[in-house]
Structure formats: C-alpha cells, structure tokens
Amino acid sequence: MTAKKEIIQKITTTDLIIKEFQEKYKAIAESQEFSAIGIENRLQAIRNEYQEKYSVAVGSILTALDTALTQLEKSWKKSTIGNLDNAGYQAGLQTALLMLKSPEIALEDAQNLVSHYVDDYSAIGAIRGVLSGREDETAQSILNSLPRDNRQRNRELLNKFKVSLESSQNNNIEHLSEFQFFGWLQFMEHFEDDLTLEVDW
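Residues numbered from 1 in each chain as written. Predicted model: local features only at pLDDT ≥ 70, side-chain atom pairs only at ≥ 80, totals over all residues. Heavy atoms only, no water.

One can describe the packing of helix 2 (residues 36-81) onto helix 7 (residues 151-168) by two numbers: an axis separation of 10 Å at closest approach and a directional angle of 165°. Here helix 7 runs roughly antiparallel to helix 2, going by the angle between their axes. Along this stretch, helix 2 crosses helix 7, giving a crossing that reads as left-handed. Contacts from Y54, V58, I61, L62, L65, D66, L69, L72, E73, W76 and T80 of helix 2 reach helix 7 at R151, N154, R155, L158, N159, F161, K162, L165, E166 and S168. Its residues assigned to classes, the contact of helix 2 with helix 7 comprises 11 nonpolar, four polar and six charged. (Axes fitted to C-alpha atoms, helices over the stretch in contact; angles between N-to-C directions. Helix = DSSP H or I, 4+ residues; strand = E, 2+ residues; numbered from the N terminus. Parallel < 35°, antiparallel > 145°, perpendicular 65-115°, else oblique. Left-handed = near helix turned anticlockwise from the far one by under 90°. Contact = heavy atoms within 4.5 Å. Nonpolar A, V, L, I, M, F, W, Y, C, P; charged D, E, K, R; others polar.)

In structure tokens, the structure reads:
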C-alpha cells in the first residue's frame, strides 16, 4: 500500500470512530431506559472509551506520516547523490548539457534529453543553469517545462499537517466534526502516492 493510501485509510478509520461515537452518544442521551445519572455515567464511559480510540487513531496517522516523511527524505537523497558514482550516467549528463548549450538543438531533441533526467534534482538544476544562459525559443520552452524543485514546500506542508494532527490528537471528541476529516482528506489529494507534492500545487 502506498504512503498516501495508508494515510487516507487511517483518516477514514478515524472518521468512522467519530461517527460511531456520535451514534452511540446520541442513542444513550435520548434513551428512556436510564435515569439522568445513569445516562450521564454511560455518556462519560462512552466519552472516555472513544476519546482513547480517537487519540490512538490519530497517533497511527502520525506514525504513518513520519514513516512516509522518512522514506521521502531517503528518496530525495538518493535522487540527489545516487548517480554521482555512476560514471556512465555522469558522462551522459555532461553530453546532454553540452548539447543543450547549443541553440541549434531541436526542441524535440532537447525535450527528450531533459525527460531522461526529470527525477534527478541535481541534473535538472544543472540543465536549468545551462538553459538560463540562452534566450532562444527552444531554451525558454524547455525552461518553462522543467519541474520545479518543490522539496522544501513539500516538507513544510507535510510538517504543518503533522502539527495539525498533533494538536488535534487530544481535542475533545464531542467537538470534532466531519469537516476536519474532510479537510485532511482533501489535503492528501494534493500529493502523489509517495507523498511528493503535485507539481502545480
């Protein structure tokens, strides 16, 4: 299961816990079978039980998010330094950079060269550096199509989400609403399966 799917599944499970709590709470609160004290005792027992379930469920989201963030950082590091020891890759990159320096290169050829390095942030940075010195239409077209390095924004957004989860972990279960979980689910839709940020967000 991908990191995104796992987190979405855990958010959905947490939402179900809240719905179950609300149903049981309402049934007890509206019950005619118990005295006022009996109702309050049962309501308190339900609050305590589901407050704990909610806290554990949010904790499991946090654990999945921490694991995904660790994996994401490893993948970024591998992307950055993983090909440094590969002489063939480095030679190919140097050849591509030399070719991209030439204003005579056709747009399609330039796009094909760049597409090979699209997941390598270091290579894309070098390509951007080479093309930024050119003012022709081909260079500008390629520059506009290069993926942005949004790793820092990715980190910031996921860490803000983590802070939001941590701060809600001990919220009073009676004051939670479906909108909170809907917001969390909507937030997750802006990420790819490995939690890399969608390019245009």
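Read on for the rest.
Before going further, it helps to spend a moment on the packing of helix 1 (residues 3-29) against helix 8 (residues 178-188). Two numbers describe how helix 1 lies on helix 8: the axes approach to 10 Å, and their chain directions differ by 175°. Put simply, helix 1 runs roughly antiparallel to helix 8. On helix 8, the residues touching K4, I7, I8, I11, T12, T14, D15, I18 and K19 of helix 1 are E178, F181, W184, L185 and M188. For the contact of helix 1 with helix 8, the residue count by class is eight nonpolar, two polar and four charged.

So, on to the packing of aromatic side chains. Within the structure shown, the criterion is met by eight aromatic pairs. Ring geometry for F21 against Y50: centres 5.9 Å apart, planes inclined by 50°, an arrangement best described as tilted. In this pair, F21 sits in helix 1 while Y50 sits in helix 2, placing the two residues 29 residues apart along the sequence. Like Y50, F21 is buried. (Phe/Tyr/Trp six-rings, centres within 6.5 Å; stacked < 30°, edge-to-face > 60°. Buried < 20%, exposed > 50% of the residue type's maximum accessible area, 1.4 Å probe, protein only.)

For the structure shown, the criterion picks out 10 salt bridges. Taking the shortest distance from any N to any O, the salt bridge between E73 and R155 comes out at 2.5 Å. Here the residue E73 occupies a position in helix 2, and R155 occupies one in helix 7, the gap between them amounting to 82 residues. Accessibility expressed as a relative area gives 32% for E73, which makes it partly exposed. (Salt bridge = Lys/Arg side-chain N within 4 Å of Asp/Glu carboxyl O.)

Turning next to the nonpolar core. Core analysis: the largest hydrophobic core is formed by 36 residues, its most contacted members being I7, F161, W184 and L195. Taken together, the elements giving at least two residues each to this core come down to helix 1, helix 2, helix 7 and helix 8. The dominant element in this core, judged by the number of residues it contributes, is helix 2, at 15 residues. Discounting residues that sit within four places of it in the chain, F161 has contacts with I7, I11, L65, W184, F187 and M188. (Core = buried A, V, L, I, M, F, W, Y, C linked by side-chain atoms within 4.5 Å.)

Attention now goes to the side chain of T14. Within the element layout of this structure, T14 appears in helix 1. Non-local contacts of T14, meaning those with residues more than four positions away in its chain, are made with Y54, A57, V58, I61 and F181.

Right, let's talk about helix 4 (residues 107-115) for a bit. Among the residues making up helix 4, those that are buried are A110, L113 and V114. End-on view of helix 4: buried residues confined to an arc of 95°, all on one side of the axis. Buried residues in helix 4 make contact with helix 3 (87-101), helix 5 (121-131) and helix 6 (137-145). (Arc of directions from axis to C-beta.)

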